Each structure stands twice: as C-alpha cells, then as structure tokens.
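Analysis of the macromolecular model
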Amino acid sequence: MTDDQLYIRRLSLIASVWSIGLAMSLTIAVDRSTWMMEVAPAPIVLAGLIATRRRWRASGLALALIGIHGLVLMVGGAYTYAKVPVGYVLQDWLHLTRNPFDRIGHFLQGFVPAIVLRELVIGRGLIRRGKFCTLAVLAFCLAISAAYELIEFGAAQALGQGADAFLGTQGDPWDTQWDMLTCLIGAACALATLSRIDDRLIAGRL
C-alpha cells in the first residue's frame, strides 16, 4: 500500500465515522440551526484535508485527534454544549457550578490544532523546531479561538436570543475569556506532551 493510499484510507475512515456521528447527532439535535453551526467545522476540515492531500498530509496522530474532535463537536451540537449529559455527570463529580463540556470543547480547540499546525509549519519548512515554533503555534491557536469567538459574536448580533444555545455562556460574563484561556491551555498541553512523538512522525520514523 502506498503512502497516498494509506492516507486516503485514513481520511475515508474519518469520513465514515463522522457520517454515522452526524446522522446520530442530527437525529437527537435539540435545535437544528444550532446543530448546523456547531458541527460545520468538521466537514470543512475534512474537505480541506482531502483538497490538500497532494501538497501536505497530516500524521496518523493528527488525524486521530481530528477525528475525536469532530465527534466532540457532534455531541455538543446535538445537545448544545451547556446541556450535554456527560457534562452534568462531571459537574456533579467535580462539584462545579456549570456544565464543563463547553470547556472540554475549547480545550480540544487548542489541543488538536496545535499538533496539526505544528506539523504543517515544520513539515512545509515554514518554521524550524524550537521556541519560536512553539510560540508561533500557541499564537496561531489563540488566533483560531479569537476568530471563533468573533463568529459567536456575529451570531449573537444576527440572531439575538436565538443564539443563546450556540453561545453556551451559561450566564458567565467572562465566558469568552475563559474559552480563549482554555484553548491556550489545551494548545500548551499538546505541545508539552506530544511534540517528541510528533517529531518522529514528521520525520517518518513512526
């Protein structure tokens, strides 16, 4: 099996799993307009991976993380992040004042792109490994989070009260800042724990 065939097979696996996830998610969706906004990044990312596969390919690690993140988006889209059942369980266990599933989503919003972006800039020779690469990836992830918050701001302006489920602030006036901080922490954790493994994958040694 060639590298291209293996990559296509991995993308096909993600597409298959996500197709099932999207169907199940839509079936139980609390609000379909909110569902569409929440899950939209998944098919967009998949289309991007397919379109760029001849110029750049994500590692198996990055694809696995992308696959997991997409499923989290589908769960959040189905119930809305503030009402995901497993979040209520965690809320009770940890004695929290709010459903934390939204925080999990934003943690992954930093954790997953950190590895993907790292592979992209190093693999394409845009930035060398080192402290500057780490700072650049963290900045990129924070920019992604800020852009998402601006999208939420636009939705709030356009939909008014109808955007409450999409925003998922749960009454917290500092929700935007917490979301961005959680994303940054997620990115930092990914770089701290997976960089060495990712280096081997980029070099083709794993």
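Residues numbered from 1 in each chain as written. Predicted model: local features only at pLDDT ≥ 70, side-chain atom pairs only at ≥ 80, totals over all residues. Heavy atoms only, no water.

1. Let's talk about the overall build of the protein
For clarity, the cut-off: Only DSSP runs of H or I with at least four residues qualify as helices, and only runs of E with at least two residues qualify as strands; both kinds are numbered from the N terminus onward. Computation of the radius of gyration draws on C-alpha atoms, with the globule rule given as 2.2 Å multiplied by the number of residues to the power 0.38. For every residue, the accessible area (1.4 Å probe, protein chains only) is compared with the maximum for its type, and the residue is labelled buried under 20%, exposed over 50%, or partly exposed between those bounds. Throughout, a contact is declared for two residues whenever any of their heavy atoms are within 4.5 Å. Exposure was quantified through the Shrake-Rupley algorithm and a 1.4 Å probe, taking into account, for residues, occlusion by the shown protein chains and nothing else. Only four residue types enter the tally: Lys and Arg on the positive side, Asp and Glu on the negative side; His and the chain ends are excluded. Here the site of a charge means atom NZ of a Lys, CZ of an Arg, CG of an Asp or CD of a Glu.
Across its full length, the protein holds nine helices and zero strands. Ordered by position from the N terminus, the helices and strands of the protein form the series α-α-α-α-α-α-α-α-α. Over its C-alpha trace the protein gives a radius of gyration of 18 Å, about what one expects of a compact globule, namely 17 Å for 206 residues. A principal-axis box enclosing the C-alpha atoms of the protein has dimensions of 50 × 35 × 35 Å. Taken over 206 residues, the protein has a buried fraction of 42%. Across the protein, the fraction of contacts at a sequence separation of at least 24, relative to all contacts at a separation of at least 6, is 74%. Of the roughly 11,400 Å² that the protein leaves accessible, carbon and sulfur atoms contribute 67%. Between the averaged position of the 18 positive side-chain charges in the protein and that of its 15 negative side-chain charges there is a distance of 15 Å.

2. Quick look at the environment of Val 84
One can find Val 84 in the loop between helix 4 (60–79) and helix 5 (85–94). With 17 residues separating them along the chain, Val 84 and Phe 101 place their C-alpha atoms 6.7 Å apart. Not counting residues within four places of it along the chain, the set of residues in contact with Val 84 comprises Val 75, Gly 76, Tyr 79, Asn 99 and Phe 101.

3. A few points about the packing of aromatic side chains
Rules: Working definition: rings of Phe, Tyr and Trp (its six-membered ring) pair if their centres are within 6.5 Å, and the pair is stacked with planes under 30 degrees apart, edge-to-face with planes over 60 apart, and tilted otherwise.
Using the criterion set out here, one finds two aromatic pairs in the structure. With 5.8 Å between their ring centres and 25° between their planes, Phe 107 and Phe 111 make a pair best called stacked. Placement of both Phe 107 and Phe 111 in helix 6 (residues 101–123) is noted, with a separation of four residues, approximately one turn of the helix. Phe 107 sits in the partly exposed class, given a relative accessible area of 27%. With relative accessibility at 14%, the residue Phe 111 sits in the buried group.

4. Quick look at the nonpolar core
Worth spelling out the cut-off: Here, nonpolar core means buried Ala, Val, Leu, Ile, Met, Phe, Trp, Tyr and Cys residues that are tied together by side-chain atoms lying within 4.5 Å of each other.
Of all hydrophobic cores here, the largest spans 41 residues; its most connected members are Trp 18, Leu 49, Leu 63, Ile 66 and Ala 114. When residues of this core are assigned to their parent elements, the largest contribution, 10 residues, is made by helix 6. Excluding residues that lie within four positions of it along the chain, Ile 66 makes contacts with Trp 18, Val 45, Leu 49, Val 112 and Val 116.

5. Describing the confidence of the model for the protein
The cut-off we apply is this: Looking at any residue, its pLDDT shows the predictor's confidence there, from 0 to 100.
Overall, the prediction assigns the protein a mean pLDDT of 88, with 91% of residues at 70 or greater. Between the elements of the protein, mean pLDDT differs from a low of 51, seen in helix 8 (residues 164–167), to a high of 95, seen in helix 4.

6. What about the environment of Leu 108?
Within the element layout of this structure, Leu 108 appears in helix 6. In this structure Leu 108 comes out as buried when scored by relative accessible area, which is 15%. In the structure, Leu 108 is positioned 42 residues away from Ile 66 in sequence and 9.4 Å away in space, judged by C-alpha atoms. Ignoring anything within four residues of it in the chain, the contact list for Leu 108 reads His 69, Val 72 and Pro 113.

7. Topic: the pattern of salt bridges
Threshold: Should a side-chain nitrogen of Lys or Arg be within 4 Å of a carboxyl oxygen of Asp or Glu, the pair is scored as a salt bridge.
On inspection of all chains with the given rule, the structure shows seven salt bridges. Here Arg 98 and Asp 102 are joined by a salt bridge, their closest N and O atoms 3.5 Å apart. By the burial criterion, Arg 98 is buried, and Asp 102 matches it. In this structure, Arg 118 and Asp 199 form a salt bridge, with 2.7 Å as the shortest nitrogen-oxygen distance.

8. What to know about helix 3 (residues 41–51)
What counts here: Comment: arc refers to directions from the helix axis out to C-beta atoms.
Buried residues of helix 3: Ala 42, Leu 46 and Leu 49, and no others. Projection of helix 3 onto a plane perpendicular to its axis shows the buried side chains occupying an angular sector of 60°, all on one side. Exposed residues on helix 3 whose side chains face more than 90 degrees from its buried face are Ile 44 and Ala 51. Of the surrounding secondary structure, the elements contacted by the buried residues of helix 3 are helix 1 (3–27), helix 2 (32–39) and helix 4.

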